[in-house]
Amino acid sequence: MSPPPAPPADLQGRHIVLGLSGGIACYKAAELARELVKAGATVQVVMTDAAQQFITPVTMQALTNRPVFTSQWDARPANAMAHIELSREADAIVVAPASADFIAQLVQGRAAELLPLLCLARPIERCPLLVAPAMNREMWAHPATQRNVAQLRADGARVLGPGSGDQACGEVGDGRMLEAEEIRDELIAFFQPKLLAGRRVLITAGPTFEAIDPVRGITNLSSGKMGFALARACAEAGATVTLVAGPVHLATPRGVQRVNVTSARQMHDAVVPAAKAHDVFIATAAVADWRPASMNEHKIKKDGKKQAPTFELTENPDILATVARLPVAERPWCVGFAAESQDLARHAREKLERKGVPLVVGNLGPATFGRDDNQLLLVDARGERELPAADKLTLARALVAEIAERMKSR
Ligand code: C5P
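For clarity, every value in this text was computed on a predicted model and none was experimentally measured. (Residues numbered from 1 in each chain as written. Predicted model: local features only at pLDDT ≥ 70, side-chain atom pairs only at ≥ 80, totals over all residues. Heavy atoms only, no water.)

### What about the sheet that holds strand S11 (residues 240-245)?
In a beta sheet, neighbouring strands pair by backbone hydrogen bonds and run either parallel or antiparallel.
Moving on, step 1. Pairing within the open sheet is mixed, and its eight strands lie in the order S12-S11-S8-S13-S16-S17-S18-S19. Only two strands of the sheet have a single partner each, and these edge strands are strand S12 (257-260) and strand S19 (383-391). Taken pair by pair, the neighbouring strands of this sheet meet at an average axis angle of 20°, ignoring direction.
Moving on, step 2. Across six bridges, strand S8 (residues 200-205) lies against S11 in parallel orientation. Within S11, the residue paired with Val 201 across the bridge is Val 241. (Pairing = 2+ DSSP bridges. Helix = DSSP H or I, 4+ residues; strand = E, 2+ residues; numbered from the N terminus. Axes fitted to C-alpha atoms, helices over the stretch in contact; angles between N-to-C directions.)

### Concerning a positive patch on the surface
Moving on, step 1. On the surface, Lys 299, Lys 301, Lys 302 and Lys 306 cluster together to form a positively charged patch.
Moving on, step 2. Tracing the sequence through the fold places Lys 302 in the loop between strand S14 (290-292) and strand S15 (313-315). (Patch = residues over 30% accessible without salt bridge, like charges linked within 9 Å, V, L, I, M, F, W, Y side chains within 5 Å. Areas by Shrake-Rupley, 256 points an atom, 1.4 Å probe, with all protein chains shown as cover. Salt bridge = Lys/Arg side-chain N within 4 Å of Asp/Glu carboxyl O. Lys, Arg positive; Asp, Glu negative; His and termini not counted. Charge placed at Lys NZ, Arg CZ, Asp CG, Glu CD.)

### Some details on the packing of helix H1 (residues 26-38) against helix H8 (residues 180-191)
Moving on, step 1. Packing of H1 against H8 brings their axes to within 8 Å, and their N-to-C directions diverge by 45°. Accordingly, the angle class assigned to the pair H1 and H8 is oblique. The interaxial crossing formed by H1 with H8 has right-handed handedness. Note on element contacts: H8 touches H1 through Ala 180, Glu 181, Ile 183, Arg 184 and Leu 187, opposite Lys 28, Glu 31, Leu 32, Glu 35 and Leu 36.
Moving on, step 2. Residues belonging to the contact of H1 with H8 are distributed by class as follows: five nonpolar, no polar and five charged. (Parallel < 35°, antiparallel > 145°, perpendicular 65-115°, else oblique. Left-handed = near helix turned anticlockwise from the far one by under 90°. Contact = heavy atoms within 4.5 Å. Nonpolar A, V, L, I, M, F, W, Y, C, P; charged D, E, K, R; others polar.)

By themselves these figures say nothing about function.
As structure tokens, then:
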């Protein structure tokens, strides 16, 4: 078996200025620098005096392989204008952590130190500013901070988080800086083209589980990874995403609303009433075709006579076909998936016609279940189009572009 393709270096070629202001969350900024470098970015760290009370420039230099800037009087830039040079090269400035005081400085246009100075001097149309607040919950909730954050947004900055939970001060509440991976993913999403801006997308993912008795059931090998990758790609593309997930242990992509279900009937009941509030429906779930006609209330025991139990099966509702048959005004644009073991194009086209959907995406089930990579065949009225082997997120983004292109006329 060939090794799976490497996951995408989503920040390849991006130059990021990573600013640190003072706060205990500076320790997470070290991890963030590493994550950004791993994702392919070059990272230029700029630290305030307060940040240097929490973490040293040496640590940040070692992680980014670049000397850190801490002063507007730094003589290294040939024109002695670090505040101008640094932002001219940057694809984005990310300030993490952003303290309450630092946010107040940004809002007032203060420039007493290099970091606020370079934020003020950045070409505002070309160099976006993303800010990850980190502070005690009382400081976050204070009307002054809330007023400043609202103004910061109005001035065009993007505010990431904050998260909620345990705080270094021992209190619990809003104000934690997002985790390094969350900030990295927010930045990756920020750079994705907004092909589905304003669209609402409903996605099913994973297997279903059809109970035989309280401890056993019928299920399948679907991991849910393709559907979750699609949910992430749709959210990155600016869509509002609802993800109806069967029993899988996957993290919910950021910004996605998740509804957990177990059986096909539960998935049906979650999807059908929600369908009309969505513009697109993508059915990636491997829904069990049949379920036991009745569920035993208690665990079926061996009877000692070596007599195996027999089950009567009954057919599950076809969720995709049901949505595809809704009245036109209530029907989202439907995309079906076909997991086959052979003869992909023929089976996918047959599914396209049988279910009455405008697009079916074929993949070879046994070759992709549980894996991080896949290969897709798009079948529709135009013909067939192959999306060659890649990791599932790359394929999901390519599929999003295909869907967005077909949605243009709607
Ligand atoms: O041929 P099959 O019915 O398995 O077609 C697969 C496609 O239909 C997938 O998009 C799957 O999510 C969807 N499906 C469904 N409800 C079912 C069976 C399949 O939505 N009961």
